[in-house]
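The residues making up each chain are set out below.
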Amino acid sequence: MADIDTDEAFQELSDCIIKGDAPGVDRLVKACLEAEVSPGAIINDGMIPGMDVVGELFRTNQYYVPEVLISARAMKTGMAILRPLLTESGIEPLGRVVIGTVRGDLHDIGKNLVAMMLEGAGFDVTDTGIDTHPDEYVQEALSQGAHIVGMSALLTTTMTNMRSTIEAVEAAGLDDQVQCIIGGAPVTQRYADEINADGYAPDAASAVTLTKRLLGVGVQEESPEEQGRQLYLQARDALQVAVREEPGSAEHRGGLEQTRQLVEQAAEVGYDPTHLARLTAEIERELAR
Ligand code: B1M
């Protein structure tokens, strides 16, 4: 058995995940295993803290999609080594998620990000890929014993297949065991409410928080101050996306509406009105463009 300072190794492993250094992760995971560190500790104390930092950097616009994908790939490198050992040692995942892009939709970059972040957070994830028929979600949910069905859609024309999927889950009598969550650029909380989804997340990091919250695992209750801050950051992100769209287009109006809803939610939990007033003024300016 090789000798190793586990605290140091975990810190290095976490740094490698943050930097997206896949060869570093490969080396460190193997070194930890060589030193008989348990796969669960390697994931929970070395890799997941790194991915948590990545999630936070992404949420606060310090990391963008390419950095997150590179970190997620590094995470996957470690998971690929550890997954068979975890199955052997019988460590239970936080929950089982079936995720896919809905029927008719071929966009998968965002969905892949969400899947990787969920896997990184300790969930067992089955990815149905793109163009997923409602029946396929149901079959996978049944065979995997899923707790969560996650749907991604990037087109206003395919969003409607989220409703069909939720209906299929209900028709299969799975709605007691399975919660349906949705996301994707044109999707909003309002739409989630309209189609009776159990949750909506605007980005991959929030999808992890939402999944943990729905399953009651690993999430401490956020203070109203923190909730407000998160909603404000989401509103700011939504506005940034909306202003890039053609003024007056459905995407532009939808993005501004989503921003307004988030501003209202942040106001409800008492977030600083000066910051929110700035966003509201920007929404008004955009609407007048
Ligand atoms: Co397409 N496309 N596309 N496209 N494409 C959009 C979506 C579009 C907005 C571009 C535009 O016109 N401005 C537009 C949709 C208009 C609309 O319906 N409102 C559009 C169109 C029209 C089309 C085609 C119809 C074009 C054509 O053929 N005429 C066609 C449709 C094909 C089909 O799906 N049937 C098409 C095709 C394609 C490509 C294949 C070329 C390519 C996809 C490649 C791939 O995914 N492998 C593509 C791309 C790349 C885009 C844009 C440019 C980028 C999408 C993306 O990957 N964003 C996009 C324009 C845009 O968004 N600005 C566009 C990055 C990604 C990280 O973000 O997916 O939003 P996103 O995911 C985020 C969140 O939304 C959230 O978390 C992610 C990370 O933060 N999230 C979830 C996503 N899923 C979630 C699930 C959750 C929770 C959160 O819970 C389960």
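What you are looking at is a predicted structure, and each value in this text was computed from that prediction instead of being measured.

Draft legend 1. Spatial organisation of the layout of surface pockets. Size it by volume and the largest pocket reaches roughly 1,400 Å³. Along the walls of the largest pocket sit 49 residues, with Leu154, Gly184, Ala185, Pro202 and Val241 positioned nearest its centre. Contributions of two or more residues to the lining of the largest pocket are made by helix H3 (39-59), helix H5 (109-120), strand S3 (148-152), strand S4 (179-183), helix H8 (189-194), helix H9 (204-215), helix H10 (224-242) and helix H11 (250-268). Element by element, the count of residues in the lining of the largest pocket is highest for H10, at six residues.

Draft legend 2. Highlighting empty space enclosed by the protein. Considering all chains together, one arrives at one cavity of 30 Å³ or more under this definition. Counted as a void, the largest cavity has a volume near 30 Å³. Forming the walls of the largest cavity are Gln189, Tyr200, Gln258, Gln261, Leu262 and Gln265. Of the residues contributing to the lining of the largest cavity, the split by class is two nonpolar, four polar and no charged.

Draft legend 3. Representation of the pattern of salt bridges. Using the criterion set out here, one finds nine salt bridges in the structure. Taking the shortest distance from any N to any O, the salt bridge between Asp26 and Lys30 comes out at 3.2 Å. With Asp26 and Lys30 both in helix H2 (residues 22-34) and four residues apart, the pair spans about one turn of that helix. Residue classification places Asp26 among the partly exposed residues on the basis of a relative accessible area of 25%. Between Arg163 and Glu194 there is a salt bridge, with its nearest N and O atoms 3.5 Å apart. Of this pair, Arg163 sits in helix H7 (residues 160-171) while Glu194 sits in helix H8, and the two are 31 residues apart along the sequence.

Reading guide: rules and limits
Residues numbered from 1 in each chain as written. Predicted model: local features only at pLDDT ≥ 70, side-chain atom pairs only at ≥ 80, totals over all residues. Heavy atoms only, no water. 1 Å grid on protein atoms, 1.4 Å probe; cavity = no way out; pocket = protein on both sides within 12 Å on 5 of 7 lines; lining within 4 Å. Points joined across faces, edges and corners; volume = space filled by probe spheres on them. Helix = DSSP H or I, 4+ residues; strand = E, 2+ residues; numbered from the N terminus. Nonpolar A, V, L, I, M, F, W, Y, C, P; charged D, E, K, R; others polar. Salt bridge = Lys/Arg side-chain N within 4 Å of Asp/Glu carboxyl O. Buried < 20%, exposed > 50% of the residue type's maximum accessible area, 1.4 Å probe, protein only.

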